[in-house]
Every structure is written in structure tokens, then in C-alpha cells.
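# Descriptive structure summary
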Amino acid sequence: MTKKDPLEIIREISQKISKLEIRGATKITIEALKALREFVKYAPKENFHELFKDAINMLLKSRPTEPAMQNGIKYVLYTYNNLAKKNASIDEIKEAIEITSMKYISMIKHAIEKIVEIGWKRIPDDGTIMTHCHSSTVVRILIEAKQRGKSFVVISSETRPMYQGRITSRELAKSGIKVYHIVDSAMRWAARHFKPDLALVGADAITSTGVIINKVGSRLLALTAKEFDIPLYVAATLLKLDPRTAFGEYTPIEMRDPSEVWPDAPENVIVLNPAFETVSPEYIDGIITEFGIIPPSEVLRAFKELYKEIWQISKEYRI
Ligand code: RI2
């Protein structure tokens, strides 16, 4: 085995996550946990505890609005703490970290499979669907619906400043789905013009009261959907629920580098770049989760039922 700097593995992934080279809540989660597995392979026994804590902190800081990743990391951390308390050997600890990381990865993959299985049936045949940004969950639902023989059109907004909407449009078009690609500010125009049957977005975070946090522009879509009576659905695993919100805290909204919006903005122009925004429960007709399609008011109950262990851990680790 060639020697690798274990913290370098984590640093590299964290930077890729911060720079959006790895992006999308589900992908970030899987890659962060894979990196932890890789880290333990190379971490030396002598200062393992110290390095492990640095690795965890680096990953947690990479993107603040990603509870699916944070829940996974807490899950691994819990295993680590239990064994460290019992003075388990480093080999035992390493093995347990690897197993727990893999377990969480398969939990999230399994959750997405279930969501796709449920979600494709909601796609209206011969209908028009509006979406925003790039959610791998939403794209998978749409592709599944297409493969099951449904015919529909998707309106995809470009998602300034990083244009994730182009990824959506490209992936859907490649799967033979007809796509209309619009600028974000044409959302209302598109809704009036096409009279869509459904709006469907992903989520980065879900709060304990069923508020959804998703790419900035999602609330504009929600307001548009409300105005034209278009049902709005959110497709997201309950692993994106931020348990801290049940204990009084807010999910932080990531403010990104202004240069993504305007790299050479003139002096005295203050460029703001919030990455996400909230969509309140009153705009949401249903959340397509691995538990089924549920109203926002049911998310905490469903999370507690499905992920008992993670809920217990979150009560202990309010990080
Ligand atoms: P999946 C993305 O954030 C979008 O906001 C998308 O709706 C969300 O992650 C969920 O994506 P970003 O990483 O987990 O582009 O469904 O900032 O792939």
C-alpha cells in the first residue's frame, strides 16, 4: 500500500466540496464518508485520535447547509467515541469507523432508491414539470418515469450563479426528455406560458417543522407555483433532516464567495451570494421521502421512526 497523507485525503475532498467540484447533498454525503474510510486506512496509530478529530472538523466545515453529511459524520463519531471510551485498540476503532461509514452510505443509497420507486408515479403523463437547480434525486425520479413509459416536458431554470440547472437540462435531454431551459427570472413567465402540472425540487436540509432549505430561487418557484395553483413537491431523504432545529437552533444558510456572482464587480458594489433559501410548509404539497409521500408536518415523526439511532445520537451531539 503506497503511503498517503491521511489528512490530505480529507483536505482534498473538503476543498472539492467547498468549491462545488463535488456537489448535491447526496453526492457530498457519500464522498465525505468514503473519504473518512480512506482516511482511517492511512492514519497512523500514534496520533490517530488527534488526526481523526481534525478530519471530522474539516469535513463538517466544508459546507454548512448539508445535514445529510453532518448526520453521517455524527453517526461515525458516535461509534468512535463509544470505542475510545472503552479504550478499544486503534485497529478496532478503525474497523468500526469503516463499517459505520459504509452503513450510512448504504442507508442513503437505499433511501434514494425508495424515493425513486415512489416518486416516479407522481410524474403526470403528458404533463409539464418545473424544476430548479440540480437534484440527483429529482433527476432520477424523472428518468425513471421516462423509462416507465411516461411522456412529459421539463422546464429547468439555469440556477445562477453556478448554473447547476444546466446539469439537470443536460442529464434529462440525454435521457430523451424534452427540456425547456430558462433563466431563473423567467420562472413566472414560464408558469404562465406553459401552465405546468407539477413543480418538483430537491432539498439540502429539512427542519424539524418541515421547512425545506434548497437552492436560492426555490422559494420563487414556490411562490410562482402557488400563484398558478401548481402543486409543489420536494423529493428528499429524511437523512437531510437537521436535528439541531428541534433543539432551538437554525440551519445556517451558506453565504458563498461574491466572486461567483461578479468576479470584477466595481468598487462600492456589495455583491451578496446566499446559496440557499427556505420554503415554508404552506407552499409544499408533499415531501417524497423513503417513508412515503408525507406532509411537512410529519417529517420529524417519520425521521424518529425510521432513524431512531441517529435521532438518539443527535440528542447527544448538538453539533
Ligand atoms: P440531491 C443542491 O445543492 C441543490 O440545492 C439540490 O436541490 C440539492 O443539492 C439536493 O441534491 P448544491 O450542492 O441530494 O448544488 O437531490 O449547492 O442530489
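Just so it is clear, the model here is predicted, and its values are computed rather than measured. (Residues numbered from 1 in each chain as written. Predicted model: local features only at pLDDT ≥ 70, side-chain atom pairs only at ≥ 80, totals over all residues. Heavy atoms only, no water.)

## Observations regarding the overall build of the protein
- Looking only at helices and strands, the protein features 11 helices and 10 strands.
- Radius of gyration (C-alpha) of the protein: 20 Å, near the 20 Å computed for a compact globule of 319 residues.
- Within the protein, the proportion of its 319 residues that are buried is 55%.
- Restricting to contacts in the protein with at least 6 residues of sequence separation, those with at least 24 account for 77%.
- When the accessible surface of the protein is summed, it comes to about 14,700 Å², and 51% of that surface belongs to carbon and sulfur atoms. (Helix = DSSP H or I, 4+ residues; strand = E, 2+ residues; numbered from the N terminus. Rg over C-alpha atoms; globule rule 2.2 N^0.38 Å. Buried < 20%, exposed > 50% of the residue type's maximum accessible area, 1.4 Å probe, protein only. Contact = heavy atoms within 4.5 Å. Areas by Shrake-Rupley, 256 points an atom, 1.4 Å probe, with all protein chains shown as cover.)

## Concerning the site of the ligand
- Residues in contact with the ligand amount to 18 residues; listed here are only the nearest, T26, S136, T137, D204 and N214.
- Within the backbone of A25, a nitrogen or oxygen atom sits 3.3 Å from an oxygen atom of the ligand.
- With respect to the ligand, the side chain of K240 contributes an N or O atom lying 2.8 Å from an oxygen atom.
- Relative to its free-state accessible area of 450 Å², the ligand is covered by the protein chains to the extent of 99%.
- Elements supplying a minimum of two residues to the shell around the ligand: α2 (25–42), α6 (136–147) and β6 (212–215).
- Taken together, domain 1 (6–114) and domain 2 (119–306) each give at least three residues to the shell around the ligand, which thus spans both. (Near = heavy atom within 4 Å. Polar contact = N/O pair within 3.5 Å; in protein donor to acceptor, adjacent residues only side chain to side chain. Domains from an automatic or database assignment.)

## Re the sheet that holds β6
- Read from one edge of the open sheet, 3 strands run β5-β6-β8, paired in antiparallel fashion. Two strands lie at the open edges of the sheet, namely β5 (205–206) and β8 (276–279), each paired on one side alone.
- Strand contacts of helix α9 (residues 218–227): β6 and β8, with the helix running at about 30° to β8, the strand carrying the most contacts. (Pairing = 2+ DSSP bridges. Axes fitted to C-alpha atoms, helices over the stretch in contact; angles between N-to-C directions.)

## Focus: the domain arrangement of the protein
- In terms of domains, the protein is made up of domain 1 (6–114) and domain 2 (119–306).
- Centre-to-centre, using C-alpha coordinates, domain 1 lies 27 Å away from domain 2.
- Interface area, domain 1 with domain 2, both sides summed: about 2,000 Å², of which 55% is carbon and sulfur.
- Linking domain 1 to domain 2 there are 2 salt bridges.
- A salt bridge links R63 to E254; the nearest nitrogen and oxygen atoms lie 2.9 Å apart.
- At the level of elements, α2, α4 (67–85) and α5 (90–119) are the ones that each hand at least two residues to the side of domain 1 that touches domain 2.
- The biggest single contributor to the side of domain 1 that touches domain 2 is α5, with 7 residues. (Buried area = accessible area lost by both parts, 1.4 Å probe. Salt bridge = Lys/Arg side-chain N within 4 Å of Asp/Glu carboxyl O.)

## Examining a nonpolar patch on the surface
- Together, M255, I270 and L272 make up an exposed nonpolar region whose accessible area comes to about 380 Å².
- Considering the arrangement of structural elements, one finds L272 in the loop between β7 (232–235) and β8. (Patch = residues over 30% accessible without salt bridge, like charges linked within 9 Å, V, L, I, M, F, W, Y side chains within 5 Å.)

## Concerning the pattern of salt bridges
- Considering all chains together, one arrives at 17 salt bridges under this definition.
- Put simply, E8 and R11 hold a salt bridge, and the shortest N to O gap is 2.6 Å. Highlighted residues: E8 and R11, both in helix α1 (residues 6–18), separated by 3 residues, approximately one helical turn.
- R11 gets classed as partly exposed once you look at its relative accessible area, which sits at 32%.
- Among the ionic contacts, a cluster of salt bridges with common partners joins R63, E66, E254, R256 and E260.

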